[in-house]
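One letter stands for each residue in the lines below.
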Amino acid sequence: QVQLVESGGGLVQAGGSLRLSCTASGSIFSINAMGWYRQAPGKQRELVARITRGGSINYSDSVKGRFTISRDNAKNTVYLQMNSLKPEDTAVYYCNAEYFSSGGTWGQGTQVTVSS
């Protein structure tokens with residue numbers, strides 16, 4: 001099993017920046033990919049960015065050019081650098097770890113609020 005702990009959410013004005021962190025512990029070797037998802041009120045959870053063990057990265061179209069996902073393997077941590085934030089980026093952001101087998105683990109979520 002993998003445990004995920006997120007940090008870094010908060011309140012920021014439009015145009016500002018935040019960095020989210022997600023640290024994994026437990027059966028790290030079982031993780032194939034890690035990603036950030038978000039869920040705004042009344043909307044479905046959506047993928048924001050994902051990075052595989054091999055280093056492949058993909059972003060949702062809505063954040064391309066503004067958000068950057070990265071990782072520090074020594075710290076078992078994945079980051080999401082969010083720049084040029086917009087009010088529509090307001091959501092609860094969740095870290096996700098995908099297993100090589102099926103399934104995965106979710107973090108507890110961290111609130112990001114962007115004021116206009």
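The sections below set out a description of the structure shown in this document. (Residues numbered from 1 in each chain as written. Predicted model: local features only at pLDDT ≥ 70, side-chain atom pairs only at ≥ 80, totals over all residues. Heavy atoms only, no water.)

A separate point is the nonpolar core. The biggest cluster of nonpolar side chains holds 28 residues, and the ones touching the most others in it are Met 34, Trp 36, Leu 80, Met 82 and Tyr 93. Among the elements that line this core, the one with the most residues is strand β9 (residues 91-99), at five residues. With residues near it in sequence (within four places) discarded, Leu 80 still touches Leu 18, Arg 19, Leu 20, Trp 36, Val 48, Ala 49, Phe 67, Thr 68, Ile 69 and Tyr 93. (Core = buried A, V, L, I, M, F, W, Y, C linked by side-chain atoms within 4.5 Å. Buried < 20%, exposed > 50% of the residue type's maximum accessible area, 1.4 Å probe, protein only. Helix = DSSP H or I, 4+ residues; strand = E, 2+ residues; numbered from the N terminus. Contact = heavy atoms within 4.5 Å.)

What follows concerns the layout of surface pockets. Gaps between atoms show up when a probe of the same size as a water molecule is rolled over them. Its boundaries defined by the atoms lining it, the largest pocket holds a volume of some 250 Å³. What lines the largest pocket is a set of 15 residues, and nearest its centre among them are Ile 28, Met 34, Arg 53, Arg 71 and Asn 73. The element that contributes the greatest number of residues to the lining of the largest pocket is strand β4 (residues 31-39), accounting for four residues. Of the residues that constitute the lining of the largest pocket, the class distribution is seven nonpolar, five polar and three charged. (1 Å grid on protein atoms, 1.4 Å probe; cavity = no way out; pocket = protein on both sides within 12 Å on 5 of 7 lines; lining within 4 Å. Points joined across faces, edges and corners; volume = space filled by probe spheres on them. Nonpolar A, V, L, I, M, F, W, Y, C, P; charged D, E, K, R; others polar.)

On to the pattern of salt bridges, then. Taken as a whole and assessed by the stated rule, the structure comprises five salt bridges. Residue Arg 38 is joined to Glu 46 by a salt bridge in which the shortest nitrogen-to-oxygen separation is 2.7 Å. On the basis of relative accessible area, Glu 46 is assigned to the partly exposed category, the value being 34%. When salt bridges that share partners are traced, they join Arg 38, Glu 46, Arg 66 and Asp 89 into one network. (Salt bridge = Lys/Arg side-chain N within 4 Å of Asp/Glu carboxyl O.)

Another point: the pairing of strand β11 (residues 110-115). Burial along β11 is one-sided: the residues Thr 110, Val 112 and Val 114 are buried and none of Gln 111, Thr 113 and Ser 115 is. Here strand β2 (residues 10-13) pairs with β11 via four bridges, running parallel. Within the sheet, the bridge partner assigned to Val 12 lies in β11 and is Val 114. Strand direction decides the pairing type here: β9 and β11, joined by three bridges, are antiparallel. Within β11, the position partnered with Val 92 by the bridge is Gln 111. (Pairing = 2+ DSSP bridges.)

Turning our attention to the packing of aromatic side chains. Applying the stated criterion across every chain, the model contains two aromatic pairs. Aromatic ring contacts, followed pair by pair, group Tyr 37, Tyr 94 and Trp 106 into a single cluster. The side chain of Arg 45 reaches across the aromatic face of Tyr 94, ending 3.7 Å from its centre. Positioned above the aromatic ring of Trp 106 is the side chain of Arg 45, whose terminal nitrogen or guanidinium carbon lies 4.5 Å from the ring centre. (Phe/Tyr/Trp six-rings, centres within 6.5 Å; stacked < 30°, edge-to-face > 60°. Lys NZ or Arg CZ within 6 Å of the ring centre and 35° of its normal.)

Another aspect to go through is the environment of Phe 100. Among the secondary structure elements, Phe 100 is positioned in the loop between β9 and β10 (104-106). Taking the C-alpha atoms as reference points, Phe 100 and Ser 30, 70 residues apart in sequence, are found 5.9 Å from one another. Apart from residues lying up to four places away in sequence, Phe 100 is in contact with Phe 29, Ser 30, Ile 31, Asn 32 and Arg 53.

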